[in-house]
Amino acid sequence: MTSPELHPVVAIIGAGPAGLMAADVLSMQGFSVVVYDGMPSGGRKFLLAGRGGLNLTHSEPLDAFSRRYSGFDDTVPQWLDAMSPQALRTWADELGAATFVGTSGRVFPHEMKAAPLLRGWLARLRARGVEFRMRHRWQGFDANGGLCFLNAGDALTVKPRACLLALGGGSWSRLGSDGAWVDVLMAKGVEIAPLAPANCGFDVAWSAPFVEKWAGQPLKNIALSTASDGEFRAGECMLTATGIEGGGVYAWSGSLVKTCASQGQAKLFIDLLPDWSREKVLAALSVSRGARSWSSFLQSRLRLTGAKWGVLRECVTPEVMSSPIALTNAIKALPIALLRPRPMDEAISTSGGVMRQALDENLMLRAMPGMFCAGEMLDWDAPTGGYLLTAVMASGVVAGHGMARYLAS
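Conventions we followed
Residues numbered from 1 in each chain as written. Predicted model: local features only at pLDDT ≥ 70, side-chain atom pairs only at ≥ 80, totals over all residues. Heavy atoms only, no water. Helix = DSSP H or I, 4+ residues; strand = E, 2+ residues; numbered from the N terminus. Areas by Shrake-Rupley, 256 points an atom, 1.4 Å probe, with all protein chains shown as cover. Lys, Arg positive; Asp, Glu negative; His and termini not counted. Charge placed at Lys NZ, Arg CZ, Asp CG, Glu CD. Phe/Tyr/Trp six-rings, centres within 6.5 Å; stacked < 30°, edge-to-face > 60°. Buried < 20%, exposed > 50% of the residue type's maximum accessible area, 1.4 Å probe, protein only. Lys NZ or Arg CZ within 6 Å of the ring centre and 35° of its normal. Salt bridge = Lys/Arg side-chain N within 4 Å of Asp/Glu carboxyl O. Pairing = 2+ DSSP bridges. Axes fitted to C-alpha atoms, helices over the stretch in contact; angles between N-to-C directions. Contact = heavy atoms within 4.5 Å.

### Considering the overall build of the protein
Item 1. Looking only at helices and strands, one finds 16 helices and 23 strands in the protein.
Item 2. Projected onto its principal axes, the C-alpha positions of the protein cover 85 × 40 × 35 Å.
Item 3. Carbon and sulfur atoms make up 52% of the accessible area of the protein, which totals about 17,900 Å².
Item 4. Positive and negative side-chain charges in the protein, numbering 38 and 35 respectively, have mean positions lying 6 Å apart.

Listed below in structure tokens is the structure:
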């Protein structure tokens, strides 16, 4: 059965942060906007991201902030001209979700959760006349370029003057971002890089005794790198039954995923004592341990205890343990062999998507005039810590202004 529907001026497919931000921009300028989404309510992934405290953005200087992004022909930082981290904080303040800077420099709403901010946001959009069509799953295009939806078994086709696709990447499919749009757009000649996990954990071949004792334990006060002599970034991670995950790992996941794909595996290096110099560690290890066990010796000399001791013992040979120099090198750059990234559906985000050359400066598809894209479905990458969410929302602002210019012309 096909249901009638008035053709909206603007259709936005995807009620996540990018789509809602574009609706914010367009409704403020008086355009008629209808938002479609396959889920029962909007912002499902946004709500999940804020379950443990919504990390909205980061307070570091803008030039350093901009360097956190990769892909998309280095144009992602230009989106921040449309919505900078400070502008995002001001926007949240206007919605009654005043923000603060945490000790790590990350920015959170005072209430910490995403739900109050989302409620205020949706209320403002509805007050401006934005309409929402939930449980409308996009099916693609009809022969005339109309947008086809399925709602409770009923088929629906609309043909707006402009449309924004803000469908997310390919992670957390149960929340709506399943990557099904890839085949639809490729059939239209849109250039798309394959989706891959990003901000993800990795599999490691831990021994059974190690898993039994240390799975679920955190590694705190460490630094991580993709090279033993490279840049180490402070962070934390979690040892799991299948491998390793957490913010410290996610910061390097982009390059690690690519290395796994090209070389079959990758190495992550962990500095177990980032506050100690190599010279200080070597001096401490050069003292005879006598009759003490290694665990007792390292605990007393280096305060290397718990999961740090466990992962060190798992990853080094007896020969390394018996050499102060080799053991120093291991403590300061412990190599962890990563077999593969965890499945894409477990990842916080995905890389890949609509490529830069497929879009103009307004984020409109060159192959499909009037069709715009924004958010995670574009081929760019960013770490967690507020960077990912800020750019998603900034891309919605860019697309919203681009759609307004297109409609005006």
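### Looking at the packing of aromatic side chains
Item 1. For the structure shown, the criterion picks out 11 aromatic pairs.
Item 2. Measuring from centroid to centroid gives 5.9 Å for F372 and Y406, while their planes differ by 75°, and the two rings are edge-to-face. A residue pair is termed long-range when its members are at least 10 positions apart, and F372 in strand β22 (residues 371-373) and Y406 in helix α16 (residues 387-408) qualify at 34 residues.
Item 3. Here F372 falls in the buried class, since its relative accessible area comes to 1%.
Item 4. These aromatic residues form a ring-pair network of at least three members: F65, Y69, W79, W380 and Y387.
Item 5. The cationic tip of R233 hangs over the ring face of W252; the distance from NZ or CZ to the ring centre is 4.0 Å.

### Points about the pattern of salt bridges
Item 1. All told, the structure shown has 11 salt bridges when counted by the stated rule.
Item 2. Across the pair E131 and R133 runs a salt bridge, and its minimum N-O distance is 2.9 Å.
Item 3. Classification of E131 by relative accessible area gives partly exposed; the value is 35%.
Item 4. Judged by relative accessible area, R133 falls into the partly exposed class, the value being 21%.
Item 5. Several salt bridges share partner residues, and in doing so they unite D203, R340, R342 and E346 into one network.

### Quick notes on the sheet that holds β22
Item 1. Strands sit in the order β8-β3-β2-β12-β22 across an open sheet of five strands; the sheet is parallel. In this open sheet, the two edge strands, each paired with only one partner strand, are β8 (131-133) and β22. Ignoring strand direction, the axes of neighbouring strands in this sheet form an average angle of 20°.
Item 2. Direction of pairing for strand β3 (residues 33-36) relative to β8: parallel, over a ladder of three bridges. Within the sheet, the bridge partner assigned to Y36 lies in β8 and is R133.
Item 3. Here helix α1 (residues 17-28) sits on the sheet in contact with β2 (10-13), β3, β8 and β12 (162-165), set at roughly 160° to β2.

### Considering the sheet that holds strand β7 (residues 106-109)
Item 1. One open sheet holds the three strands; their spatial order is β4-β7-β6, and the pairing between them is antiparallel. The outermost strands of the open sheet, each flanked by one partner alone, are β4 (57-58) and β6 (99-101).
Item 2. Where β4 meets β7, two bridges bridge the pair, whose relative direction is antiparallel. Across the sheet, the residue bridging to H58 is R106, located in β7.
Item 3. Of the strands in this sheet, β4, β6 and β7 touch helix α5 (residues 85-94), which is tilted by about 140° from β6.

### Considering the pairing of β2
Item 1. What you see with β2 is no split at all: V10 and I12 on one side and A11 and I13 on the other are buried throughout.
Item 2. Bridge count between β2 and β3: four bridges; the pairing is parallel. Each residue of the ladder has a partner; that of V10, found in β3, is V33.

### Some thoughts on the pairing of strand β13 (residues 192-198)
Item 1. Extensive coverage of β13 is indicated by the burial of five of its seven residues.
Item 2. Relative to strand β21 (residues 349-354), β13 is paired through five bridges, and the arrangement is antiparallel. Each bridged residue has a counterpart across the sheet, and for A193 the counterpart in β21 is G353.

### As for unusual backbone geometry
Comment: phi is negative for the bulk of residues other than glycine, and the bulk of peptide bonds are trans.
Item 1. At N199, a residue that is not glycine, the phi angle is positive and equals roughly 50°.
Item 2. With respect to the helices and strands, the residue N199 is situated in the loop between β13 and β14 (202-203).
Item 3. For R303, which is not a glycine, the phi torsion comes out positive at approximately 55°.
Item 4. Mapped onto the secondary structure, R303 falls in the loop between α12 (294-302) and α13 (306-315).
Item 5. For R303, a relative accessible area of 59% translates into the label exposed.

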